[in-house]
Amino acid sequence: MHWIISQLPGIALAAVLVSLVFRDVTRSRLERFAARQALDITVANGPVVIGYLATTRRWRAAGFLAGLVIEFGATFTQHGRPSTGGVGALVGWFVGALVAEWRMESRQSAGVRRAASLSARRLSDYVPAWFVTVNVAVWTATIALGVAETVILRPTQWPAVVELAFAAGVTPATWLVARRILARPQALVAQGVLAADDALRSRSLHVLGGSTLAINGFLAALIMSASQTLGASWLPDTWSFGIDVLGAFILPLLGWLAATSPFAARRRALAYPSGIAA
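The numbering scheme is per chain: residues are counted from 1 as the chain's sequence reads. Selection of residues for local features in this predicted model requires a pLDDT of at least 70, selection of side-chain atom pairs for listing and counting requires 80 or more, and totals for whole chains, interfaces and linings are taken over all residues. Based on all heavy atoms of the structure, the side-chain values leave hydrogens and waters out of the count.

So, the confidence of the model for the protein
Thinking step 1. A score from 0 to 100, pLDDT tells how confident the predictor is in each residue. In the predicted model, the protein carries a mean pLDDT of 79, and 73% of its residues have values of at least 70.
Thinking step 2. By the criteria applied, helices consist of DSSP H or I runs no shorter than four residues and strands consist of E runs no shorter than two, each listed in order from the N terminus. Confidence, read as mean pLDDT per element, is least for helix 1 (residues 2-6) in the protein (53) and greatest for helix 3 (residues 27-37) (92).
Thinking step 3. Counting contacts from residues 106-112, a segment whose pLDDT is below 50, to residues more than four positions away or on other chains yields 15 contacts.
Thinking step 4. Here residues 269-278 is a poorly scored stretch, pLDDT under 50, and it has 31 contacts once near neighbours within four places are set aside; other chains count. The contact definition used throughout considers only heavy atoms, calling two residues in contact when any of these lie within 4.5 Å.

Describing unusual backbone geometry
Thinking step 1. Within the chain, A38 stands out as a residue other than glycine whose phi angle is a positive 55°.
Thinking step 2. Looking at the element boundaries, A38 is found in the loop between helix 3 and helix 4 (46-79).

Observations concerning the environment of V134
Thinking step 1. Mapped onto the fold, V134 is located in helix 6 (residues 129-152).
Thinking step 2. What makes V134 partly exposed here is its relative accessible area of 25%.
Thinking step 3. The spacing of V134 and L251 is 117 residues in sequence and 10.0 Å in space, taken between C-alpha atoms.
Thinking step 4. Residues in contact with V134, not counting those within four places in the same chain, are L213 and L254. Only protein chains enter the area calculation, which uses a 1.4 Å probe; residues under 20% of their type maximum are buried, those over 50% are exposed, and those in between are partly exposed.

What about a nonpolar patch on the surface?
Thinking step 1. In this scheme, patches are assembled from residues that exceed 30% relative accessible area and form no salt bridge. Like charges are connected within 9 Å, while nonpolar side chains (Val, Leu, Ile, Met, Phe, Trp, Tyr) are connected within 5 Å. We get accessible surface area from the Shrake-Rupley algorithm with a probe of 1.4 Å; when it comes to residues, only the shown protein chains can shield them. A pairing counts as a salt bridge when a side-chain nitrogen of Lys or Arg comes within 4 Å of a carboxyl oxygen of Asp or Glu. A surface patch of nonpolar side chains, about 250 Å² in accessible area, is lined by V147, V151 and I152.
Thinking step 2. Within the element layout of this structure, V147 appears in helix 6.

A few points about the packing of helix 6 against helix 9 (residues 237-260)
Helix packing for two helices is described by the angle between their axes and how far apart those axes are.
Thinking step 1. To obtain an axis, a line is fitted to C-alpha atoms, over the contacting stretch when the element is a helix, and the angle between two such axes runs from 0 to 180 degrees between their N-to-C directions. It is at 13 Å that the axes of helix 6 and helix 9 come closest, and there the two elements cross at 155°. On the basis of the axis angle, helix 6 is roughly antiparallel to helix 9. You can see that helix 6 and helix 9 cross each other, and the crossing is left-handed. Across the interface between the two elements, W130, F131, V134, V138 and L145 from helix 6 touch I243, L251, L254 and A258 from helix 9.
Thinking step 2. Gly counts as polar in this scheme, as do all residues outside two lists: the nonpolar Ala, Val, Leu, Ile, Met, Phe, Trp, Tyr, Cys and Pro, and the charged Asp, Glu, Lys and Arg. Of the residues in the contact of helix 6 with helix 9, the class split is nine nonpolar, no polar and no charged. Roughly parallel means an angle under 35 degrees; roughly antiparallel, over 145; roughly perpendicular, 65 to 115; everything else is oblique. Note on convention: near helix rotated counterclockwise from far helix by under a right angle means a left-handed crossing. Clockwise means right-handed.

Some thoughts on helix 7 (residues 158-183)
Note that an α-helix has 3.6 residues per turn; residues three or four places apart therefore point the same way.
Thinking step 1. For a helix, the expected span equals 1.5 Å multiplied by the residue count minus one. The end-to-end C-alpha separation of helix 7 is 38 Å, in line with the 38 Å expected for 26 residues at 1.5 Å each.
Thinking step 2. Considered for burial, the residues of helix 7 that qualify are A160, E163, L164, A167, V170, T171, T174, V177, A178, I181 and L182.

What about the pattern of salt bridges?
Thinking step 1. Counted under the stated rule, the structure contains six salt bridges.
Thinking step 2. The partner of R60 in a salt bridge is E101, with the nearest N and O atoms 4.0 Å apart. A residue pair is termed long-range when its members are at least 10 positions apart, and R60 in helix 4 and E101 in helix 5 (residues 87-103) qualify at 41 residues.
Thinking step 3. Between R122 and D125 there is a salt bridge, and its shortest N-O distance comes to 3.3 Å.
Thinking step 4. Residues participating in the shared-partner salt-bridge network are R184, D197, D198 and R201.

What follows is the structure, given as structure tokens:
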């Protein structure tokens, strides 16, 4: 009974997420998106934005719940009672976000004439340069930490090997999805709908980048905690503590702030050669 009571907050959160999956996109949520992206919502582009918000919410919530259930089941198998630290839910949410963006098709119906821009879409059109730099730096540092842990403390550090393998795949997977988002065809439609399409690309990249930053931070903290648990940390205590705080708190907070920060996509002049896909 005690463990059930201790898990009530997680159960309540899961129940809220289930209810959100079936809830319509509210006006306030639409307005928040528009404010963050400096986008004017019109009759033409409103359905595009609403459809995107509803689809991504369903996939992210489904991933979150799946991760929560898997972590509950795994801890029950290992320790005889279910528990969760939230990492499984975070990873599930991230996977759901990746799936949502990968499956996201062009916002226009089939057969609509496509437009090609004379200048290629760049990542810097949709996210600030510092955000990309920080993500790459954190990912590199996490990989380096994991490699050092496995080389110096082998063979006692098999958890670090698992976490290193996961860290090695998170950022490349995000980059593949980011490339798909950038390369997604853009229809020859009204400027308001084009602006909405660019706003959706920008917000998708912000969310994925923020999630990657948070997950890499958590992984760095887990890699460090594994050696501390075994009493075999090769770094000074102050460094270990700093990595724990940075990875478990500061980087996830920075990722959340980056994912929700306002950023107007930088528009480019479009040219319309006949029938060429962007």
